[in-house]
Amino acid sequence: MKKMEIGLVLSGGAARAAAHIGVLKFLEEKGVRVSAISGSSAGAIVALLMAASWKTEEMRELLHSLEKRDIFRFRGSPGIFSLERLERRLREALQIESYDELEIPCFCAVTDMQSAQVHYLSEGDPIRNVIASSALTPIFSPVSVEGRLFADGGFRDNLPARPLLKYNLPILGIDVNPLPKRGSAGVISLTIHTVMILLRGTTLPSRQLCDSYRMIDAVSDMPLFDFGRVNEAIEAAYSQMQREWDSIEESLLSSLKSDRVADARR
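Not measured: the values here are computed from a predicted model.

Peer 1: Would you take a moment to explain the pattern of salt bridges for this structure?
Peer 2: Should the charged atoms of two oppositely charged side chains come close, the side chains can pair. Applying the stated criterion across every chain, the model contains 8 salt bridges. A salt bridge links R60 to E235; the nearest nitrogen and oxygen atoms lie 3.3 Å apart. Placement of the pair is R60 in helix α3 (residues 56–65) and E235 in helix α9 (residues 230–255), with a sequence separation of 175 residues. Judged by relative accessible area, R60 falls into the buried class, the value being 12%. Here E87 makes a salt bridge to R91, at a shortest N to O gap of 2.8 Å. With E87 and R91 both in helix α5 (residues 84–94) and 4 residues apart, this pair spans about one turn of that helix. Where salt bridges share partners, they join E87, R91, D125 and R128 into one cluster.

Peer 1: How should helix α1 (residues 18–30) be read in this particular structure?
Peer 2: In an α-helix, one full turn covers 3.6 residues, which means residues spaced three or four apart are oriented alike. Here α1 contains 13 residues, and its C-alpha end-to-end distance of 19 Å stays within 8% of the 18 Å for a straight helix at 1.5 Å per residue. Taking burial as the measure, the 13 residues of α1 include 10 buried ones, the bulk of the element. Structurally, α1 contributes buried residues whose contacts are with β1 (5–10), β2 (33–40), α2 (42–51), α3, β9 (171–175) and α9. Where α1 terminates, the next one or two residues include G31, which has phi positive at roughly 80°.

Peer 1: Sorry, what's going on with the state of the cysteines here?
Peer 2: Note on terminology: a disulfide is the covalent bond linking the sulfur atoms of two cysteines. If you walk through the whole model with that rule in mind, you get 0 disulfides. With no disulfide of its own, C108 has C106 as its nearest cysteine by sulfur position, at a separation of 7.1 Å. We classify C108 as buried; its relative accessible area is 2%. Among the cysteines around C210, which has no disulfide bond, C106 carries the closest sulfur, lying 16 Å off.

Peer 1: Explanation requested: the packing of aromatic side chains in the structure shown.
Peer 2: To describe a pair of aromatic rings, you give the distance between the ring centres and the angle between the ring planes. The full count for this structure, using the stated rule, is 5 aromatic pairs. Ring geometry for F26 and Y238: centres 5.8 Å apart, planes at 75°, overall edge-to-face. Of this pair, F26 sits in helix α1 while Y238 sits in helix α9, and the two are 212 residues apart along the sequence. Side by side, F26 and Y238 carry an identical accessibility label, which is buried. Between F140 and F225 the ring centres are 6.1 Å apart and the planes differ by 70°, which places this aromatic pair in the edge-to-face class. Of this pair, F140 sits in the loop between α6 (126–133) and β7 (143–145) while F225 sits in the loop between β10 (212–215) and α9, and the two are 85 residues apart along the sequence.

Peer 1: Sorry if this is basic, but what is going on with the pairing of β2 here?
Peer 2: Regular strands show a simple pattern: their side chains alternate between the two faces of the sheet. The buried count for β2 comes to 7 of 8 residues, which makes it a mostly enclosed element. As defined by bridge partners, β1 adjoins β2 across 6 bridges and the pair is classed as parallel. The partner of E5 across the bridge, within β2, is R33. In this fold, the crossover linking β1 to β2 by way of α1 has right-handed handedness. Summarising the sheet, β2 and strand β5 (residues 106–112) pair through 4 bridges and their orientation is parallel. Bridge pairing links I37 to C106 in β5.

Peer 1: Before we go on, may I ask you to explain the packing of α5 against α6 in this structure?
Peer 2: Packed helices, taken two at a time, are described by their axes: the angle between them and the distance between them. Interaxial distance between α5 and α6 falls to 10 Å at its minimum, and their mutual angle equals 145°. Helix-helix and strand crossings are classified by hand; for α5 and α6 the assignment is right-handed. Here α5 contributes L86, E87, L90, R91 and L94 to the contact with α6, which in turn contributes I127, R128, V130 and I131. In terms of residue class, the contact of α5 with α6 is made up of 6 nonpolar, no polar and 3 charged.

Peer 1: What exactly am I supposed to notice about the nonpolar core here?
Peer 2: One broad rule of soluble globular proteins: the nonpolar side chains tend to lie buried together. Membership of the largest hydrophobic core comes to 73 residues, with the highest contact counts inside it found for L8, L27, I37, L172 and M241. Ignoring sequence-local partners within four residues, the contact set of I37 consists of L8, L10, A47, M50, A51, I104, P105, C106, F107 and L164. The next biggest cluster of nonpolar side chains, apart from the first, holds 12 residues, and it includes F107, L159, C210 and Y213.

Peer 1: What is the right way to look at the layout of surface pockets in this model?
Peer 2: Space left empty within the atom packing is revealed by a probe, the size of a water molecule, rolled over the atoms. Size it by volume and the second largest pocket reaches roughly 440 Å³. Lining the second largest pocket are 16 residues; nearest its centre among them are E28, V32, V34, M50 and K55. Tallying contributions element by element places α1 first for the lining of the second largest pocket, with 3 residues. Grouping the amino acids of the lining of the second largest pocket by side-chain chemistry returns 8 nonpolar, 3 polar and 5 charged.

Rules used throughout
- Residues numbered from 1 in each chain as written.
- Predicted model: local features only at pLDDT ≥ 70, side-chain atom pairs only at ≥ 80, totals over all residues.
- Heavy atoms only, no water.
- Salt bridge = Lys/Arg side-chain N within 4 Å of Asp/Glu carboxyl O.
- Helix = DSSP H or I, 4+ residues; strand = E, 2+ residues; numbered from the N terminus.
- Buried < 20%, exposed > 50% of the residue type's maximum accessible area, 1.4 Å probe, protein only.
- Expected span 1.5 Å × (residues − 1).
- Contact = heavy atoms within 4.5 Å.
- Disulfide = S-S within 2.5 Å.
- Phe/Tyr/Trp six-rings, centres within 6.5 Å; stacked < 30°, edge-to-face > 60°.
- Pairing = 2+ DSSP bridges.
- Right-handed = clockwise from strand over helix to strand, strands pointing away.
- Axes fitted to C-alpha atoms, helices over the stretch in contact; angles between N-to-C directions.
- Left-handed = near helix turned anticlockwise from the far one by under 90°.
- Nonpolar A, V, L, I, M, F, W, Y, C, P; charged D, E, K, R; others polar.
- Core = buried A, V, L, I, M, F, W, Y, C linked by side-chain atoms within 4.5 Å.
- 1 Å grid on protein atoms, 1.4 Å probe; cavity = no way out; pocket = protein on both sides within 12 Å on 5 of 7 lines; lining within 4 Å.
- Points joined across faces, edges and corners; volume = space filled by probe spheres on them.

Next comes the structure, spelled out in structure tokens:
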């Protein structure tokens, strides 16, 4: 029996993006082939790792190895922190310089700081691109890519399904940004909560482009930068995929007969 092939879209969500690894692990075990992938912010990083043929255990180990100093390198201006150290870590781990080295098409969403428009990058330096996609301003400084200043893709599209529409594939969208069930205490917590509301709003149009969409609810109370809960997020996403797979699979298979996929074939 031929393996199901899908396009996969991964939302941003900082440390919560570990949940995407649980999704990839489940799909791998089910024999589902991801034939094109896109992501925003931390989801773009996971997407790049997957497109570079990383196994889920390698991804888990990388996240476990990250320390706060890899993420929060003080800069002061124009953002509070710089992602330069994280970029260095990714270059050491991935050892790639071009999209030609990837196994499947891979896209990341970025927000143009001048035009406020979203761009879906799939050319140039893939590592630099995903760092730009992760630059959640003003917490992190925006990133210059070939003379253009980009910030977090989630500001305009935190579930970038659009670049996958050209492929003859059913699209599965995974969102790791459920709002916390507890109230926000303190200025920083309230600010992050507000940013999450804004980012969540940018997924609404993109959800309509997905043939199946899932919010990973179990990470709702996971702080955005708590890398100590990586395993918890992975296992929670894996378990949710197990519980909901019959419904997800039905939606994906049904989409093969839909007008959208038929148009893609033409």
